[in-house]
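So you can see what is in the structure, the chains are spelled out below.
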Amino acid sequence: MLSKVCSKSSVTMAPQPLALGPDPAPFTCPHCDAKVTTTVKAAANTKTHILALILCKCLCIPCLCIPYCCHSCQTLQHYCPNCKAYLGAYVN
Ligand SMILES: [Zn+2]
């Protein structure tokens, strides 16, 4: 008899997306268990490349670097300053 299937109590806890903003935030690192303030690093994402392409085509080639310098056009990745673990990202 394998018909004893739970209908609603088997909601598994998915890894919660971290509610991180664009700025370094106080956070308890799940890797080293330390209370830290996250280190934010900007990384180019697809949007950055598309924006760069658009700017390059519409304006001029030097504009191509704007999205790469502008943090609001990039994914901001939070890292633990203690163990350097990746904690989450903030996408604008
Ligand atoms: Zn850590």
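Residues numbered from 1 in each chain as written. Predicted model: local features only at pLDDT ≥ 70, side-chain atom pairs only at ≥ 80, totals over all residues. Heavy atoms only, no water.

The chain is annotated in an unreviewed UniProt entry as LITAF domain-containing protein from Acanthoscelides obtectus. Here the chain is described in UniProt, under the heading Sequence similarities (unreviewed entry), as follows: "Belongs to the CDIP1/LITAF family." (UniProt positions renumbered as here; feature names shortened; annotations may be inferred.)

### Topic: the coordination of the zinc ion
Six octahedral donors around a metal ideally make angles of 90 or 180 degrees; four tetrahedral donors ideally make 109.5 degrees. Bound to the zinc ion are the protein donor atoms Cys29 (SG), Cys32 (SG), Cys80 (SG) and Cys83 (SG), situated 2.2 to 2.3 Å from the metal. What the 4 donor atoms of the zinc ion show is an angle range of 106 to 113° at the metal, which sorts the shape as tetrahedral. Summarised as a motif, the one-chain spacing of the donors to the zinc ion is C-x2-C-x47-C-x2-C. (Donors = N, O, S within 2.8 Å, 3.2 Å for Na, K, Ca; no water. Tetrahedral: all angles 85-135°; square planar, octahedral: opposite > 155°, others 65-115°.)

### Remarks on the environment of Thr48
Within the secondary structure, Thr48 is located in helix H1 (residues 46-58). Since its relative accessible area comes to 0%, Thr48 is described here as buried. Note: C-alpha distance between Thr48 and Cys69 (21 residues apart in sequence) is 9.7 Å. Excluding anything up to four places from it in sequence, Thr48 contacts Pro67, Tyr68, Cys73 and Gln74. (Helix = DSSP H or I, 4+ residues; strand = E, 2+ residues; numbered from the N terminus. Buried < 20%, exposed > 50% of the residue type's maximum accessible area, 1.4 Å probe, protein only. Contact = heavy atoms within 4.5 Å.)

### Quick notes on the pairing of strand E4 (residues 75-79)
Of all 5 residues in E4, 4 are buried, a share of seventy percent or more. Here strand E3 (residues 39-43) pairs with E4 via 5 bridges, running antiparallel. Its bridge partner being in E4, Lys41 is matched across the sheet by Gln77. Bridge count for E4 against strand E5 (residues 86-91) is 5 bridges, and the pairing is antiparallel. Across the sheet, the residue bridging to Thr75 is Val91, located in E5. Linking two consecutive strands that pair antiparallel, namely E4 and E5, is a turn of 6 residues; a positive phi of about 65° is found at Lys84 within it. (Pairing = 2+ DSSP bridges.)

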